[in-house]
Every structure is written in C-alpha cells, then in structure tokens.
Amino acid sequence: MLEITIFSLLNGTVYGLLLFMLSSGLTLIFSMMGILNFAHASFYMLGAYFGYTISSHIGFWPGLIFAPLIVGVMGALLERYALRHVHKHGHVAELIFTFGLAFLLEELTQFFWGTDQQAYKGPSLLDFPLFTLFDANFPAYKAFMLLISIGIFLGLLLVLTRTRVGLIIQAAITHPNMVNMLGHNVPFVFMATFGVGTALAGLAGTIAGPVMGTYPGMAHDLGSIVFVVVVFGGLGSLAGALVASLMIGIIQTFAVGLNYSVSDFLVTIGVSFPADHFLHDIWTMTLPQVAPLIPYLMLILILIFRPMGLFGTRET
Amino acid sequence: MFKKRIIAGIFGLAAMSAGASDASAETIKLALIEGLSGPFAANGQAALREYEFAADYFINSKGGVNGGTKVEFLGLDNKTSPKESLIQLKNAIGQGARFVFQGNSSGVAHAIVDGVNKHNERNPDEKVLYINYAAVDPALTNDSCSFWHFRFDPNADQKMFAITEVIAKRADIKKIYLIGQDYSFGKAVAAAARLYLSQKRPDIEIVGDELHPIGKVKDFTPYVTKIKASGADAVITGNWGSDMVNLARASVDVGVTADFFTYYAAGTGITAAIGEAGKNRIRVVSEDHRNPPGSSAWIDYMKAFKAKYPENDLVYPRVATAIAMLANAMNAAKSTDPQKVAMALEGMEYTRLDGTKVKMRASDHQIQMPLNISVHTNEDITWDYDNSGYGTHVESTIPADKVELPTSCKMERPS
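Bear in mind that the values here come from a model prediction, so they are computed numbers and not experimental data.

## Overview of the layout of surface pockets
(1) Moving on: Volume-wise, the second largest pocket comes out at about 630 Å³.
(2) Moving on: Lining the second largest pocket are 28 residues, and of these Lys121 and Asp127 of chain A together with Arg249, Val252 and Asp253 of chain B sit closest to its centre.
(3) Moving on: When residues of the lining of the second largest pocket are traced back to their parent elements, those giving at least two are strand S2 (136-139), helix H5 (140-162) and helix H8 (186-212) of chain A together with helix H8 (242-254) and helix H9 (270-274) of chain B.
(4) Moving on: Counting residues per element, the lining of the second largest pocket draws most heavily on H8 of chain B, at four residues.
(5) Moving on: Taken together, the residues that form the lining of the second largest pocket break down as 15 nonpolar, six polar and seven charged.

Structural data, given as structure tokens:
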C-alpha cells in the first residue's frame, strides 16, 4: 500500500504538472484575448511530432529546444495572419475558427506522419531508473519532466509578477485600450502571448511525447482534460490552473491505484446487495474503472456549485 | 485564370471517375468498416491496406472471380464506435456493398451482427454477409451466432486455451495478473483465463483482475505500479492497439520483470515500443507464422506486400486467408450472391499460404486452425515488425483439433 501511495503521488504530480504546462498557455490566452482556443491541444500534438522528427535526425536535446520554438512561431503567425482577422467577426467566429483548426491540424499530422504511433523515445542520457523503491523503478525521465514543469511555472510566475513585460501583459488583460493609449503595442503583446502560450503547449508535447505516446489522437485525448483544468481552476487564473492540474493529476492517478467499489463502502456500513441485484454492475464498479470519468465529474460539480471555477473572478 | 484551371481540373477529375465507374461494371464492392481515425486508427488503416492488397493479390490480378468479376474495397470510418458503425453499415449497403468486413472491437462486431441480421430480415432481396477477421468475443459464435457472420480469427476462448497450455508447463509461474480493456472482449479474456487456469493450474493464484477504459488511458504507470506491487510472475492481457503500446511502454519504464502473455503485442508500433526490454518475456498468441517463415508461397506474399509498403508490416495474416476463402467460395457458388457464398463457405477447407490447413466450421461459422505462441525477440528474425529488428518467433504450436472448442450456437439458416 505504501509503495502505491508514494508512486501514485509522484506519478500524479508529473501528470498534473504536464497538464499545467498545457493549461497555463490556454488560460493566459483566454484571459488576455478572450479566445477559448480549441486548437490548443493540437499545438501540444505538433510539439510532440516536431520533437519526434527532430530527435530522429539530430537528437532529443535539439528537439527539446527547436520543436517548442517552431510551434511558438507557428502560433504567433497564426494569431497575426489569421486569428486577428477572424477577431473582427466576434467570439463565435473565433471559436469556430479554432475548432476547425484543431481538425485541420489533426488531419495534417496524419497526412504527413501517418496514423501509426511514432516511436518517439526520450534521450538515452535519461534512460535509467533514477531510484528504485520497493523494487519498482522511477524513471529519470519522469524526474526530468517534473523539473522542467516546475521551472516553467516559476519562470512564468516571475515574468508575470516581477518584470515590466509582465506588468504590461497584466494591464493588457484588463485594460487593453488604456495600455494602447499609453503607447504600448497591444496587438504585438497579444501575438507574443499567443506565441508563448502555444510554445508552452509545444514544449509539453515535446517532453510528454515519449511517455504519453505520439499519435494523431493525442490532441483530442488531452484536449478535453485541459478544458476541464482551465474551467475547474477558473478561466484566466494561472494559480487556479496549477491547483486544478495537480488535483486532477493526483486524484486520477490515485483512483487507479485504489481497488475500491461502492459495494465495498456499503459493506463497511453494513449494507450489502445480492449478486443478482439489477444494479449489481454499478455497485461493483471499481475506482480504477471510473478513474477517467473523475475529471468530468469534477467539471460538472464545479459548474453547478462555483461556476467561476476555484480561483476565477468572473462568471463566463 | 487560376480559378478557371481549378474548375477545369475538377471537371476533369469528375469525368475521369465517371469513366472509371463505367469501365468497372464487373466490379463488386466490399466494405471495410473500421476505426480509420482516432486512437485505433493505426489498426484500421493497417487492415484497409492489407485488404486492398489481398484483394488485388488473390482476385483482381488473377482476372477476378467467376471469370471476370473484380472487387474493390471501400474504407468506411466508424471511429471504433458501435453507433457510427451502424451508420456506416447503411452507408455501405447504400453504396451497393453486399460484403461487409470488420474486426477491431467486439463491441462494434455485436452491433454489426445485429444490424446485418435485421437488414437481411427486412430486405430479403439484398442480403449482406459479414466477414469478421479480428473481433474475438466468444459470444459471436456461441449465443449470439448468426448465419450471416463468419469469423476468420480463433475466438478469445481458443486463444486463452492455447496460452494456458503453455502456462500449464511453466512451473515457475505461481502468481498471475489479469489486465484488460473494459468491454465485452476484455471481460471474455479474463473469464476464459480464470476458467482454464482453474482447470489446468489450480495452484496458480490470480493476484489482480483489472479492467481499464478502452482507448482512454495514456499513461499506464499507475496500473503497472499495481502489477509490480502484486508480485505477479506473469501478466495476461488482451489489450490491442494503443492500449497495448502504452501498457508495454509503462511496463518497460517501471521495470516489470513478469512475463507477458498477450493477444496482440506485435506490430503497429508495439514491437518498437517494447524493444530490448521485452526480449524473451513478451509472448503473443495468434495464427501468425512468419518466423520461421513457412512455405515459399507465404514468403512471396509477404515480399510483395513489403515491396508495396516498405514502411508497414503485415499485421493481419488472416486477411489473406479471409479473402482467398471468400474468392474460393464465390467461384464454388458461381455467384457473388451473399447467401450462396455463405452456403459455400460453410465447412470449407483451405490450405493457407504458409501450408497450414484451416476449416470454416459449419455449426457456428468459427474458423478452426492451429494456434502459435510466439515470443518477442531479435534472434532468428527474418520478418521483423516496425522495422525495429525485433519480431515474433514461434515457440510452440497447439494443433487445431486441440483448440477446437464446443459451441452453444443454434444457427438459424435461411430457407
């Protein structure tokens, strides 16, 4: 039991911080531009694919640097030359635009890389168990993921709260017209934010690709979870995104590790049902079986009881 | 100017395709309904590739069946969902296909059997035949059997019977962990494992029996941590597609040293993901016999496939068997009428390209063939998977009469 607890905590944190890297970009873009970017997870996918392609030619480390950069530049160009025009037609047009973009990017990746899962591997330098506890390994690569994610969080926090750039970004979020009047180039700030947001998603993809798999459905699979994180944490709140990511990561991982069902709980309070009861399948459904549903359950509950999310300030 | 050219191009294409359909009056349509997108796209695309190849190899390049009728495959995407499959079944029938092929996911297979049964009852003039090449839920040839369904892959019970034959001889295995996908097939695998282990090795303790959502789990580390903690000597899993790739990957990372007995741990990226870490530890049960390759006819077939698709592997060897037997049945029936072809398929015997004799059992439409247990290795591998140098090598063969299991099927035949 102890070993499952420790490893669930570690793995849950790794997964949670990965979610954070994705959702931080999404929530930044939303709070600044009011765009709910449905294609955000597609940039995560592109990061993984670019990382894979670069790593198979010149190695993992150059891929780690260049793949997010390429994705970020793509994101910035997309904002500058497409989204900015769509923006004139209102939020619905933007929403539909990013929605379509997600499908387009998925089809394009299938077109270029095929439908198979790619054999994207982490660097051989980190291909060793960092430590062995109770005879199970904790891969060094996961520790590396952990470090990168924490680094990104601290970096974002410092930039947003301690630098002049962060000051302008924060101001542009709430008072874009005023910032524009003061002589700052707000459209440029938007473009840069979009670029950095997508680059973060790309970075998440580059480091997650070897662990979570690099395949055309990866954007679709993680995309919905990322929305849960952003809504749960509160749209536009970086701290909320962090807390929600860690919560969802750890709860989901723990749920898989614990083999309990409703009937186990009912037995402890002295209620039991016969095996031929018509709800037997529901009573005996174990936590691991429902683990993937938990984030969506959390989403529904938060929308009922606190629609602005954990740390959100506005009701959207 | 540019626009005009595009328009001219579109008209040109339309004219060409119209011309093509005129020339193919002697072509019948075969529909493959598979997940061609989504988490199991790799499997669906592989199947489509192999069906198109087999159709050309066995039928079109030999001048067609019944002296000139050629075949053409339609690939229809069901996103591995039973609901979408029924829409695509209607689509296929609407496009004139009377032979429907599907294999990935028994959940989908049940929906298609149901849909085909109903369709044939309501439309006696345009009956449809369903060729199942990979959906191995035993119920499909037992309680839910149908005259309109033929299965070209041994079912989950037969495969588990073969796996437990091997486990029965392994005295070093004392604890077994079962993990599978949470739907009819995963449950069938677990039930069969419990049944045959209790018969053949009652001393073995089952230390875990787990079902996870199909196609949803990306990081199997939490599951694998449990396997590790259980102290299992062996793991039995029916996982396929991305669920097998990710399970293998996590097991390698966490350092699970248990042996794996699997249904599908080969090809479509799985072999490459396992690599050196799984050498001599991962076993697969299937009809596949590529290392050592059997007859020269089978080698020719694989070479021709590899020449056409150097990046891909032949992952469904039974596709060749299904198409060859279907062609033989059409020739024997002197017709492409689904009911006559079905009658001809019942009880049909066939010698596979690799020299193995197989038979389509008439009582339940379940193919009977020997099953091989192959091991994941890089030694003595002529035909690898994923261009990784690793492949599966046959370790032991369970003869067809031994894996022939009784059926509870009460087939209703059309009069």
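This is not the end of the story, as more comes after the structure.
## Topic: the confidence of the model for chain B
Residues and elements named next belong to chain B.
(1) Moving on: Averaged over every residue, the pLDDT of chain B is 88; the share at 70 or more is 94%.
(2) Moving on: Taken element by element, the predicted model of chain B shows its lowest mean pLDDT in helix H1 (residues 2-23) (47) and its highest in strand S3 (residues 99-102) (96).
(3) Moving on: For the stretch residues 11-25, pLDDT sits under 50, and the model shows zero contacts to residues farther than four places along the chain or on other chains.

## As for the interface of chain A and chain B
(1) Moving on: Taken residue by residue, the interface counts 29 residues in chain A and 27 residues in chain B.
(2) Moving on: Between chain A and chain B the total buried area reaches about 2600 Å² when both faces are included, carbon and sulfur atoms providing 54% of it.
(3) Moving on: At the junction of chain A and chain B, the tally comes to one salt bridge.
(4) Moving on: Summed over the shared surface of chain A and chain B, the result is four residue pairs in polar contact (both at pLDDT 80 or more).

## So, the sheet that holds strand S12 (residues 357-360) of chain B
All names here are of chain B.
(1) Moving on: Spatially, the three strands line up as an open sheet ordered S11-S12-S13, and their pairing is antiparallel. One side of each edge strand has no neighbouring strand; the edge strands of this open sheet are strand S11 (349-351) and strand S13 (367-368).
(2) Moving on: Where S12 and S13 come together, two bridges link them in antiparallel fashion. Bridge pairing in S13 links lysine 359 to glutamine 368.
(3) Moving on: Of the strands in this sheet, S11, S12 and S13 are in contact with helix H11 (residues 317-333), which crosses S11 at around 125°.

## Points about the pairing of strand S6 (residues 175-181) of chain B
All names here are of chain B.
(1) Moving on: When you tally the buried positions in S6, you get six out of seven residues, the bulk of the element.
(2) Moving on: The sheet contact formed by S6 and strand S7 (residues 205-212) spans seven bridges and is parallel. Residue pairing in the sheet places leucine 178 in a bridge with aspartate 209 of S7.
(3) Moving on: Between the parallel elements S6 and S7, the chain passes through helix H6 (residues 184-200) in a crossover that is right-handed.
(4) Moving on: Looking at chain direction, S6 and strand S8 (residues 234-237) are connected through four bridges and run parallel. Bridge assignment links isoleucine 179 to a residue of S8, and that residue is threonine 237.

About the cut-offs
As a convention, each chain's residues are numbered from 1 in the sequence order in which they are written. Both sets of labels track the order of writing: A upward for chains, 1 upward for ligands. Given that this is a predicted model, residues contribute local features only at a pLDDT of at least 70 and side-chain atom pairs are listed and counted only at 80 or more, while totals for whole chains, interfaces and linings are drawn from all residues. To obtain the side-chain values, all non-hydrogen atoms of the structure were included, while hydrogens and water were left out. Using a grid of 1 Å spacing that covers the protein atoms alone, one calls a set of points a cavity when a 1.4 Å probe fits there but cannot get out, and a pocket when the set is open and has protein on both sides within 12 Å along at least five of seven lines; lining residues are those with an atom within 4 Å of a point. Grid points are joined across faces, edges and corners, and a volume is the space filled by probe spheres set on the points. Strands here are runs of E lasting at least two residues and helices are runs of H or I lasting at least four, both read from the DSSP assignment and numbered beginning at the N terminus. Residues are grouped as follows: Ala, Val, Leu, Ile, Met, Phe, Trp, Tyr, Cys and Pro are nonpolar; Asp, Glu, Lys and Arg are charged; every other residue, Gly included, is polar. Per-residue confidence from the predictor is given as pLDDT, running between 0 and 100. Contact between two residues is taken to exist if any of their heavy atoms lie within 4.5 Å; hydrogens are not considered. Simply put, the buried area is the total loss of 1.4 Å probe accessible area from both parts when two parts are fitted together. Salt bridges, as used here, are contacts in which a Lys or Arg side-chain nitrogen is within 4 Å of a carboxyl oxygen on Asp or Glu. The term polar contact refers here to a pair of N or O atoms within 3.5 Å; inside protein, the definition further demands a hydrogen-donor-capable atom paired with an acceptor-capable atom, and it admits residues adjacent in sequence only when both atoms are side-chain atoms. Should DSSP find at least two bridges between two strands, the strands are regarded as paired. Simply put, an axis is a line fit to the C-alpha atoms, just over the touching stretch for a helix, and the angle between two N-to-C directions goes from 0 to 180 degrees. When a residue's accessible area, from a 1.4 Å probe over protein chains only, is under 20% of the maximum for its type it is buried; when over 50% it is exposed; and in between it is partly exposed. Seen with the strands pointing away from the viewer, any crossover whose path from the first strand over the helix to the second strand runs clockwise is right-handed.

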